[in-house]
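What follows is each chain in one-letter form.
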Amino acid sequence: TGNSDNNSITNNTIYTNGTGASNYGMELVTNALNNIVTDNIIYTNGTNTNAGITLNNIVNNNTVSRNIINSNGMSGGNNRGIYLPQIASNNTITSNTISTHGFNNGEGIYIASSSNKNLVANNVISTHGSTGSNSGIVLYSSVRDNNVSNNTVNTSGTSYNYGIQLSSTAGNNTITSNTIRTNGSSGPNHGIYLVTSVANNTITSNMITTDGTSTNY
């Protein structure tokens, strides 16, 4: 909860099961600073919009590392492994193993709304949807100066699956040395996708494989 600082959350096994939506394994919210979240095993289940670990609203300088996260939706989408919805900056997100399952719009790591200067490195991410629009890592809406490097990303669904997606004025981010594979039973599918006023990002030395019927990038 708010103003929770300098805590160590480690070696826990967490199951959150709901018959509805928005089930979270762990949430740091509103002025939660300098916390360490490591070596936890987290399972979330519900209909949709579930997340393993959420950092929300002035949640800065935290370390999220070596966690195993499974985020599942029984009937809907928007299931996420690690979720930074707004103003979460200078966090270190490294060496996590993340798997998401649901209908569509599954995201391994989702960083949004003025969440800046985060390090996202050495994570292994698999996102699976029974339809499309599943993404490994998303940088969305005025996020800047994030470093996304050395991650292994696999996405699968029908179509419009993305390894790494930058959108809505995401700028000055570094995307480097990631291994990406996007799979779809149809097309299009994209390894790295930039859309809507995305500028001044550095994208280099990534290894990308895309599979689908047609129009893959």
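The structure under discussion appears in the preceding block.
Enquirer: Summarise the nonpolar core; cite the residues concerned and give the values.
Expert: Ile 53, Leu 55, Ile 82, Ile 109, Ile 137, Leu 139 and Ile 164 are the most contacted members of the largest nonpolar core, which has 31 residues in total. Mapped onto this core, the elements with two or more residues apiece are strand E3 (24-29), strand E6 (51-56), strand E9 (80-86), strand E12 (107-112), strand E15 (135-140) and strand E18 (162-167). Setting aside residues up to four positions removed in sequence, Ile 164 forms contacts with Ile 137, Val 148, Ile 175, Asn 178, Ile 180, Gly 191, Ile 192 and Tyr 193. If you look at the next biggest cluster of nonpolar residues, it comprises 5 residues, including Tyr 83, Tyr 110, Ala 112 and Val 138.

Enquirer: Kindly report on the sheet that holds E15, identifying the contributing residues and their values.
Expert: Taking strand neighbours across the sheet as the criterion, the 7 strands line up as E3-E6-E9-E12-E15-E18-E21 in an open arrangement whose pairing is parallel. Edge positions in the open sheet fall to E3 and strand E21 (190-195), since each of these has one partner strand only. Pairs of neighbouring strands in the sheet enclose a mean axial angle of 10°, with direction left out of account. Two elements, E12 and E15, share 5 bridges in a ladder whose sense is parallel. Each bridged residue has a counterpart across the sheet, and for Ile 109 the counterpart in E15 is Ile 137.

Enquirer: Please give an account of the side chain of Glu 107 that cites residues and values.
Expert: If you trace the backbone, Glu 107 turns up in strand E12. At 2.6 Å, the side chain of Glu 107 and the side chain of Arg 80 are in polar contact. Once you skip the residues sitting within four places of it in the chain, Glu 107 turns out to touch Asn 79, Arg 80, Gly 81, Thr 100, Thr 127, Ser 135, Gly 136 and Val 138.

Enquirer: Lay out the environment of Ile 36 in plain terms, naming residues and giving numbers.
Expert: With respect to the helices, strands and loops of the structure, Ile 36 is situated in strand E4 (residues 36-38). Considered as a pair, Ile 36 and Asp 5 are 31 residues apart in the sequence and their alpha carbons are 9.5 Å apart. Not counting residues up to four positions away in its chain, the partners in contact with Ile 36 are Asn 7, Ser 8, Ile 9 and Thr 63.

Enquirer: So what's going on with the pairing of strand E14 (residues 124-129)? Which residues, and what values?
Expert: A one-sided burial pattern is seen for E14, the buried positions being Ile 125, Thr 127 and Gly 129 and the unburied ones Val 124, Ser 126 and His 128. As defined by bridge partners, strand E11 (residues 97-102) adjoins E14 across 6 bridges and the pair is classed as parallel. Following the sheet pairing, Ile 98 is matched in E14 by Ile 125. Note: E14 against strand E17 (residues 152-157), 5 bridges, orientation parallel. The residue of E17 that forms the bridge with Val 124 is Thr 152.

Reading the values: rules and limits
Residues numbered from 1 in each chain as written. Predicted model: local features only at pLDDT ≥ 70, side-chain atom pairs only at ≥ 80, totals over all residues. Heavy atoms only, no water. Core = buried A, V, L, I, M, F, W, Y, C linked by side-chain atoms within 4.5 Å. Buried < 20%, exposed > 50% of the residue type's maximum accessible area, 1.4 Å probe, protein only. Helix = DSSP H or I, 4+ residues; strand = E, 2+ residues; numbered from the N terminus. Contact = heavy atoms within 4.5 Å. Pairing = 2+ DSSP bridges. Axes fitted to C-alpha atoms, helices over the stretch in contact; angles between N-to-C directions. Polar contact = N/O pair within 3.5 Å; in protein donor to acceptor, adjacent residues only side chain to side chain.

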